[in-house]
Amino acid sequence: QVQLVESGGGLLQAGGSLRLSCAASGRTFSSYRMGWFRQAPGKERDFVAAISWSGGSTYYADSVKGRFTISRDNAKNTVYLQMNSLKPEDTAVYYCAASTGVAASRRDTDYRYWGQGTQVTVSS
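Keep in mind that what you see is a predicted model, and the values were worked out from it rather than measured.

Enquirer: Sorry, what's going on with the sheet that holds strand β1 (residues 2–7) here?
Expert: Strand pairs in the sheet, formed through backbone hydrogen bonds, run parallel or antiparallel to each other. In space, the 4 strands of this open sheet follow the order β1-β3-β8-β7, with antiparallel pairing throughout. Both outer strands of the open sheet, β1 and β7 (68–73), are each paired with one neighbouring strand and no more. Adjacent strand axes in the sheet meet at a mean angle of 15° when their direction is disregarded. Two elements, strand β3 (residues 18–26) and strand β8 (residues 78–83), share 6 bridges in a ladder whose sense is antiparallel. The residue of β8 that forms the bridge with S21 is Y80.

Put into C-alpha cells, the structure is as follows:
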C-alpha cells in the first residue's frame, strides 16, 4: 500500500559521509514505522537502523551505532539515513523498509514494504 524509492548512494573513500533518502508514496507516511537494511555481495540482508512511527525512538545495529543516524520528515514523506565515518565494510546495497506498527523494529520480517535499493561503495 506504499511505495518506497531510495536515493543518495554513491562511491566514496573511507571516513567520508553520505546521506541516503527514502521517498514514500501511497498510504499516509506518518502512520508507518521505518527501517534501513543493507545487503553486501554474497550475503543476506542485515538490519541497519529503525525509527518509530512518531520518530521519538530509534534503534541501530551495533556495527553502525555512533556513526549512522536515522531520521524522518513526515511532512516530506521521507526517511533519511545519515552515514558518517564510513568504512569499507559498509559497502552494500541499502534498502528502505516500512511497516505498520509504532515501535522501531530490527526484524526484517516486521516490514511489509521495501524499496529498490541504492548502492553505497566505500573504498579503503
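Enquirer: What's the story with the side chain of T78 in this structure? I'm lost.
Expert: Among the structural elements, T78 can be located in strand β8. For T78, the side chain forms a polar contact with the main-chain oxygen of K76, separated by 2.8 Å.

Enquirer: Looking at this structure, I do not really get the state of the cysteines. What am I missing?
Expert: Note on terminology: a disulfide is the covalent bond linking the sulfur atoms of two cysteines. Enumeration according to the criterion identifies 1 disulfide in this entry. Between the sulfur of C22 and that of C96 lies a disulfide, 2.2 Å long from S to S. Looking along the S-S bond of the C22-C96 disulfide, the torsion reads about -80°, which is the left-handed sense. Of this pair, C22 sits in strand β3 while C96 sits in strand β9 (residues 92–99); the two residues are 74 residues apart in sequence, bridging distant segments of the chain. Accessibility assignment for this pair places C22 and C96 in one class, buried.

Enquirer: Can you walk me through unusual backbone geometry in this structure?
Expert: Trans is the prevailing form of peptide bonds, just as negative phi is the prevailing case for residues other than glycine. Positive phi outside glycine occurs at N77, with the angle close to 55°. If you trace the backbone, N77 turns up in the loop between β7 and β8. A positive phi is found at S85, a non-glycine position, where the angle reads about 50°. Along the chain, S85 falls in the loop between β8 and β9.

Enquirer: Sorry, what's going on with the packing of aromatic side chains here?
Expert: Any pair of aromatic rings gets described here by the distance separating the centres and the angle formed by the planes. According to the stated counting rule, one finds 6 aromatic pairs in the structure shown. Relative to Y59, the ring of F47 lies with its centre 5.4 Å away and its plane at 35°, an arrangement referred to as tilted. Placement of F47 in strand β5 (residues 46–51) and of Y59 in strand β6 (residues 58–60) is noted, with a sequence separation of 12 residues between them. By relative accessible area, F47 is classed as buried at 11%. An aromatic cluster of three or more residues is present, and its members are F37, F47, Y59, Y111 and W114. For R45, the ring lying beneath its charged end belongs to Y95, and the centroid distance is 5.6 Å. Positioned above the aromatic ring of W114, the side-chain terminus of R45 is 3.7 Å from the ring centre.

Calculation notes
Residues numbered from 1 in each chain as written. Predicted model: local features only at pLDDT ≥ 70, side-chain atom pairs only at ≥ 80, totals over all residues. Heavy atoms only, no water. Pairing = 2+ DSSP bridges. Helix = DSSP H or I, 4+ residues; strand = E, 2+ residues; numbered from the N terminus. Axes fitted to C-alpha atoms, helices over the stretch in contact; angles between N-to-C directions. Polar contact = N/O pair within 3.5 Å; in protein donor to acceptor, adjacent residues only side chain to side chain. Disulfide = S-S within 2.5 Å. Buried < 20%, exposed > 50% of the residue type's maximum accessible area, 1.4 Å probe, protein only. Phe/Tyr/Trp six-rings, centres within 6.5 Å; stacked < 30°, edge-to-face > 60°. Lys NZ or Arg CZ within 6 Å of the ring centre and 35° of its normal.

The values are spatial; any link to function lies outside them.
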